[in-house]
Structure formats: C-alpha cells, structure tokens
Number of protein chains: 2
Amino acid sequence: MERLKVVIIGAGFGGLAAARELAKAPVDVTLVDQNNFHTFQPLLYQVATSGLASADVAYPVRGIAARQDNLAFRQATVIGADLDARVLHLQHPEHEVEDLPFDHLIVAAGATTNTFGIPGVDHHGFPLYNLADSVRLRNHVLERFEAADAEPRLVDDGAITFVVVGGGPTGVEVAGALTELFQVVLRKDFRHLDVGRARVVLVEMQDHLLAPFGRASREHARQALEERGVEVRTGAQVARVRATRVTLADGEEIAAHTLVWAAGVKANPIGAALGLRTGRAGRIEVGPDLAVPDYPGVWAVGDVAAIVDAHGAPDALLPQLAPVAIQSGRHVARQICCLAAGRPVPRAPFRYRDKGTMATIGRSRAVAELPFGIRLRGFPAWLSWLGLHLVMLAGFRNRISVFANWAWNWLTYDRGPRLIFRSRPRADD
Amino acid sequence: MERLKVVIIGAGFGGLAAARELAKAPVDVTLVDQNNFHTFQPLLYQVATSGLASADVAYPVRGIAARQDNLAFRQATVIGADLDARVLHLQHPEHEVEDLPFDHLIVAAGATTNTFGIPGVDHHGFPLYNLADSVRLRNHVLERFEAADAEPRLVDDGAITFVVVGGGPTGVEVAGALTELFQVVLRKDFRHLDVGRARVVLVEMQDHLLAPFGRASREHARQALEERGVEVRTGAQVARVRATRVTLADGEEIAAHTLVWAAGVKANPIGAALGLRTGRAGRIEVGPDLAVPDYPGVWAVGDVAAIVDAHGAPDALLPQLAPVAIQSGRHVARQICCLAAGRPVPRAPFRYRDKGTMATIGRSRAVAELPFGIRLRGFPAWLSWLGLHLVMLAGFRNRISVFANWAWNWLTYDRGPRLIFRSRPRADD
C-alpha cells in the first residue's frame, strides 16, 4: 500500500513535535516553513537584549530532516490549498509555485502579533515574536543609546526610555532584561552618558502582572522588577503610539522612542487562506481530537488552533504556549501513526497536561509554578528556568552555545553580541 | 597643558592597534566607525560558509572603550574635514552632523572591494570584505540549494555552481570552505538533491595561486583544492558577469548563479573626501614615518595608506594585510605618545616586520610560511593557523565561542549557523 503523505505547515514547536513523533511511522512527511530554521521563541527576548546571538536561538530545520529518513523540508510560503483534492499550494522564495499533495495536513502555523488596532502600534511598535523582530529591537535599543551619546538632549526626548506593553511572561522578561542590560553593561559602555536616566516602563491593562500565575508569584515579580528600577504601570492601557511618544488611555504622554509590544498574539491568518472555519482571534476550529470538522485528514495544532480546554469552562480555549503546541502536535501525530499502521485510532480527546509556567526577571531571579503546587521564586526558580530551557532547546550545539553564553554573562556581567547589525548595509535599506 | 586630542577613523586592525597603543598616553582618543563593532575579517569566509555565526567575528568597540579610560567612541560616518582648522565632520546615523576637533588624526579607514570595472561584478558579485558581505553570501548560497531542491532543473542552470574569482588567501579559503560545506553538510541536508553536482570554480588571472607564497606552498594549495573537487582555473580572467552566467576572457561561459569576488581591494575613498593626495589604488600618500605630507598631525595607516616597503623596490608598496595595518597603527601611536609626553620623536621610518602568511584549504589543511624559512603544510599548518587566529581574535568570549565552534565543526562535520536570515523580513527588502 502507498505510504501516506503527511504535510506539516510550520516548523515551530507544534510542527516539529508532530514531525518527530512521525519518525517511526510508515509515512512520508514534508515540513513547510518560510524560514529554513526553527526559532526557539522563549529566548528571543535575550537576543533582543544582547544576551544571546541570533544563531543561538535558531536551529536549521534540515539538520533535523537530515537525521530523520521520512522527513523532507520545503522552504516556501503557503498561498492556498485545494482541500477536497488534497493539494497544498506553495510559493518558493523565487516565486515558482509548487503543488504539494497530502493525505494528512497538519496546520501548525503559529501566531502573529495582535495590536488590537491601537493606532501607531503596527508602524512604531517592536513586536517580539520572530527572530527578525528580536534583532530589529536589539539594533534599535543600541542605536538609541548611540544617538543619545552623540546628542545628550535626546535623553529628554525619550531616546533611552523604553515602554514595554504587556505584563505577561514576555513583557516581564524583556523589561527585566532591558534594565539589566542598561545597568550592567551599557553603563560601562557609555561612560559619557547618564545611563541612570534610562527608563523602562511596563504597561499592563489588568491590575496585576503575570495573569497565569498565583498571587504570590505576581507580587514577587512586581517587587523584583521595581527593585531593579522598572516602572510598573498596572491597570493602564496604551491609546496611541508615535515615533517618540506613547499616549496612555488616561491621557498621560510618555516621551519614549521605543515601544515593545508584548501584549498579545492572534492566530496566523493561514486558516482563512485555506478556507477553514476560524473562531476567536482567528484560531482554526478543531474537534476534541484536533481534527478540523468537515475536512477529513486536516488537523490544526498549537497557537493557530482553537483548542478547547478539556479541564476548563465549556468554551475556554487553551493558552497559546509552547507546551500546548508540543503536546497537541504529538497528539495528532499519534493518531496519524495509527491510521498509517492500520491500527484503530484512539478516540481519546486531546488533554493538555500543564507542566507549569515560568518567567525570569533578569539576573538570578524568576518565578515558577510547577505541578503538585510547587512554587519557586528567586534563585531556585531561575536555575530551574535555565535548566528547562536548555533541555527544550533544539540542537546540542545550540545548547552548548547558549549555556556558555549564560555562564559568561552571569560571571562577567558582560553581553557579547551587543551589535548594531543588519544583514544589508544602511545604503540598501 | 591641554591633553592632545587624537581622532582615529576606522575601528579595524589599524585603528584599534593605534587606540590601544595610546592607552597610557596623556591624550584623549576618539575612535570613529560606521559600525559599533570591530570585524575580524580573516574569518569572514567562515561566516559566509556557515562555519561561524556573525556575532563570533564581530566585537563591540565600546567593549574595548569601556576598559580604556582615555578612549571614546562615535558611531558615525566621516563626511569631510577642515584639515587646517583641525576639525573632522561626522554624520550620525540620524543625520545630525558633528564637528570633532583633533590635534592628531589617524586615518585607518581600510579598503573596499575593487572590481576593476568588470561589467556586472558590482551588481552580481558577492564581495567578502565586511560582515554584511559574509552574511549576504551565506544566505545566497543556502538559498541556491533550497531553490535547486525545489526545482532540480535549476542545477543545469548553475544554481549550485559557484565561481570564486581571486587565487589569493581569501579566494583559496572560501573555495575550500564551500566545497567542504557542500560535501560534509549539505549532502546530508539535501538528500533529494544530487549535491555531487555542486561545482566550485576558482578563477585566477596569474598562472598560480597564492602569489605571496613560495612555489611548494602554491602547488600544495592547488593540489589540496583539486583533491577536494575545486576546479582551479589559473591564467583565466572574468570578462563579464550576469545573474546566472559568468563569461571568461577566452569566451567560455559558465552557468553559475554565484560569483564570489575575492580578486582585490582598493583603498577606502575617504582620502579624496578629506582632500588628501592619493596614489595607486586610491591609497593616501604618506612619508616614511606614515605622516601625511603638508598636513602636520594627520597620519594614515593600514590598507588606506600607500606605505612604501622599506625592504622592497623603491616604489613598492606594502600589501594590504592585517599585520601591516596593526604594525603601522602602532608605529603612528608611538610617535604621538612621544609628542604628547614631550619626548623627542623617534625619526625612524616605519619598517614592516613580516611574520609570515597563512591560508587554510578546508578541513585540516593549510599552508603557512613563517620567518626563518619555516614552511608548514597540511595539518601542522592548519593547527598553527587556528592558534594564530584564536590569539588575534578580539575578546575572550569570541575566542571561546570560535574555538567551541571549530571543535564542534571538526568533530561532528556539522555546521551550526546555516541559516537563511536577514535582520529584516523579505517584505521590507
């Protein structure tokens, strides 16, 4: 019998987990992504704050495909599909179009930034969702300091004031890492500039940070950030953003050349492009087994899928987190394995096993909430955060490099890759 | 008495060497560069062939300035000068203009690619002189393989044929590293593509490679390259370059989507911009002490200076190499130290001490010609090349990272950072 063709859209956590789970199955898997690398998103904020090099958080997909005989890769953009004919339409960087037939299609296209239509955020805000975002923010932050060093009057204009929007893990982590970068490294780099005047303002709509965490962790995070000089504004909203000004809903205007947007994501619009029914925040509607209704063989996992929380309220969706993506990707892969092997498919609905959440708050501090009510704070939480992320990181070489960089940064208070670098010179911009 | 103001244009080998030599002198030094990092050019070819990450060969200038009290940095472009009034005109990235006064000006602006006016090279050629060049070439090489993998007919069109022009160390090293990348890594990455059909053609005008080396080394290099499948074309010239075709002077047309231009450099045009007299290849004319005639306090060092070889023919100029830049930078700095300290200036002319030259030819092979007639080939030469470059590399962290990457690449036959990545997404290109 013909081997089943499985096509996976997206080489993120969900897509890779599904591809690996299919390694032993009698199927041919093709992984499609616009980039030739997998991005380890939990560490993007460290690239943005010069703690890691971009190569440390990116792993070539073909490095994985090379070790898995039934896995092929296509660097291409999905431009559509004929779901009845079971053909996916791809466009390669050079614009040739390719029709990729499939028996099973796993949509794992992830998410994109959600600016909630707030004026100016699209144009002036710095999201932190992909590798290009993180390098662009790094360049911009360092450029603001170079500009202020050359023209100190720019400090009053907000050149070294950084507004971070979103009090979730990403916002908390980037706010903490920015203050640390300023106090630990840039203070030495810019001796003729009063780096003490650099401000980091963390804006969160709700009245507390780290919504998914318990009260104690939230308080600890806020306290840790404030001790490090972050101005935490809970119960505040951004109303408008211009190049050098951020206006809050209460009318307050903050002179700031930088707005980091960590306030939320929405599903990758690919669901609509494929003609699939999408629900809240554009997420593709799936059944309890993660199959897309009415389209046998089509599945959706991770951030792009509207996965109902089996443990939560009837219509509560699971959060758009890496562990959900990984577990849902594996769940779909296991069902396809059974189909391919002609075994009965377990009809069990997908159940997310929450292994806990963590967030770092700069050097040596973090909060972690693990199963069995284990709550960690400060140094122990920070160490467990480091350990977990090293283990999750794809590629042994990246693990070595990230570990070496962390050790270096921690011991020397240095930040190696604080480079203002675009892969094309300004002239071409 | 007022401390002397020393301004150095360029944070390359020459400029940094001069700045460091002035660390103890009673002067205020300002280093000016368009980038906020020093680029370790000898390893750019390894970035271009995915052996090292871009951050490994770039070191933040402010990391050096932070440890040297009398050293300041300006990220800016030099747009002119009033040499009589001793003021340098700078333009910052945001276009503000700054007038920087100086008592001594050291021009260490380096070189730029020399295409000798061959049609198409400017537009289609890939130079390998700065960090952006190396990343652009890396992206392009990997993209060619992705394109050929998606559309195998492109192989006949030259998608995975790479013409390297210039048989000097850079050309030899990049040709060797490219074949190694193909055979060692991409062969595994692209299982469905006949990577054995990838070609590297090394074109050299003279009838031998590595002109600065002796006969035995040249032969060894050629043999090593040919054993690894590089097609060496000596006595050949490129007449014209188009996007997918390279035409040689004898009329032969090579179907190739990539032309790496390692055939030569010319001085940075800044000399003319400053109104200084320039000679061959635009190099600034200097006296035996590296002072610019008629402009007391103005000096030129390294690739940008027309430094006469005290040991060579009367009008022979020193080669544009890192050791010349370093030694000439120090020579000027020492004279300024004496002037600043009110000591008599040693009138000794600059004498270049040739410490030898080296070139690697891919994995475990190299040629080295050291003083006292020491000639190394193969593995010993390769080891000494590694050692020398690790020592020369700026920054302990970079040394660790480069060493770790080399060990990894050598042991695992892997190449970590084989990423197709631009710091801005395609859409913005």
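In what follows, the structure referred to is the one given above.
Below you will find a few notes about this structure.

Analysis parameters
- Residues numbered from 1 in each chain as written.
- Chains lettered and ligands numbered in written order.
- Predicted model: local features only at pLDDT ≥ 70, side-chain atom pairs only at ≥ 80, totals over all residues.
- Heavy atoms only, no water.
- Patch = residues over 30% accessible without salt bridge, like charges linked within 9 Å, V, L, I, M, F, W, Y side chains within 5 Å.
- Areas by Shrake-Rupley, 256 points an atom, 1.4 Å probe, with all protein chains shown as cover.
- Salt bridge = Lys/Arg side-chain N within 4 Å of Asp/Glu carboxyl O.
- Helix = DSSP H or I, 4+ residues; strand = E, 2+ residues; numbered from the N terminus.
- Phe/Tyr/Trp six-rings, centres within 6.5 Å; stacked < 30°, edge-to-face > 60°.
- Buried < 20%, exposed > 50% of the residue type's maximum accessible area, 1.4 Å probe, protein only.
- Contact = heavy atoms within 4.5 Å.
- Polar contact = N/O pair within 3.5 Å; in protein donor to acceptor, adjacent residues only side chain to side chain.
- Axes fitted to C-alpha atoms, helices over the stretch in contact; angles between N-to-C directions.
- Parallel < 35°, antiparallel > 145°, perpendicular 65-115°, else oblique.
- Nonpolar A, V, L, I, M, F, W, Y, C, P; charged D, E, K, R; others polar.
- Pairing = 2+ DSSP bridges.
- Buried area = accessible area lost by both parts, 1.4 Å probe.

Description of a nonpolar patch on the surface
Residues and elements named next belong to chain A. On the surface, a nonpolar cluster with roughly 390 Å² of combined accessible area is contributed by Phe 379, Leu 383, Trp 410 and Leu 411. Those elements that provide at least two residues to the nonpolar patch are helix H10 (378-392) and helix H11 (396-412). Looking at the element boundaries, Trp 410 is found in helix H11.

Here we look at the packing of aromatic side chains
Tallying each qualifying case throughout the model produces 20 aromatic pairs over all chains. Both rings, one in Phe 37 of chain A and one in Phe 421 of chain B, keep their centres 6.0 Å apart while their planes meet at 85°; by these two values the pair is edge-to-face. One end of the pair, Phe 37 of chain A, is in strand S3 (residues 37-39); the other, Phe 421 of chain B, is in the segment after helix H11 (396-412), on a second chain. Judged by relative accessible area, Phe 421 of chain B falls into the buried class, the value being 11%.

Here's the deal with the environment of Gln 327 of chain A
Residue and element names in this part refer to chain A. Inspection of the secondary structure puts Gln 327 in helix H9 (residues 322-341). Since its relative accessible area comes to 5%, Gln 327 is described here as buried. Separated by 24 residues in the primary sequence, Gln 327 and Arg 351 have C-alpha atoms spaced 8.6 Å apart. With sequence-adjacent residues up to four places away left out, Gln 327 is seen in contact with Phe 350, Arg 351, Tyr 352, Arg 353 and Lys 355. A distance of 2.8 Å separates a polar atom in the side chain of Gln 327 from the backbone nitrogen of Arg 353.

Comments concerning the packing of helix H10 (residues 378-392) of chain B against H11 of chain B
Between two packed helices, the angle of one axis relative to the other and the distance separating the axes together describe the packing. Residue and element names in this part refer to chain B. At a closest axis distance of 9 Å, the pairing of H10 and H11 adopts a crossing angle of 155°. Compared by their axis directions, H10 and H11 come out roughly antiparallel. Contacts between H10 and H11 involve Phe 379, Trp 382, Trp 385, Leu 386, His 389, Leu 390 and Val 391 from the former and Arg 399, Val 402, Phe 403, Trp 406 and Trp 410 from the latter. The residue makeup of the contact of H10 with H11, split by class, is 10 nonpolar, 1 polar and 1 charged.

Describing the sheet that holds strand S17 (residues 253-255) of chain A
Residue and element names in this part refer to chain A. A sheet is described by the order of its strands in space; here 3 strands give the open sequence S15-S16-S17, paired in antiparallel fashion. Each edge of the open sheet carries a strand with a single partner, namely strand S15 (238-241) and S17. Taking the axes of each pair of neighbouring strands and ignoring which way they run, one obtains an average angle of 25° across the sheet. When strand S16 (residues 245-248) meets S17, the two strands line up antiparallel, connected through 3 bridges.

Quick notes on the interface of chain A and chain B
Across the boundary between the two partners, chain A contributes 54 residues, which contact 53 residues of chain B. Buried area between chain A and chain B, both sides added, is near 4900 Å², and the carbon and sulfur share of it is 52%. For the pair chain A and chain B, the number of links is 6 salt bridges. Of the charged contacts in the structure, one is a salt bridge between Arg 62 of chain A and Glu 146 of chain B, with a shortest N-O distance of 2.7 Å. For the pair chain A and chain B, the interface holds 20 residue pairs in polar contact (both at pLDDT 80 or more). Those elements giving two or more residues to the side of chain A that touches chain B turn out to be strand S4 (58-60), helix H3 (61-65), strand S5 (71-75), helix H5 (131-150), helix H6 (169-189) and H11 of chain A. For the side of chain A that touches chain B, the element with the most residues is H5 of chain A, which contributes 10 residues. For the side of chain A that touches chain B, a count of residues per class yields 26 nonpolar, 10 polar and 18 charged.

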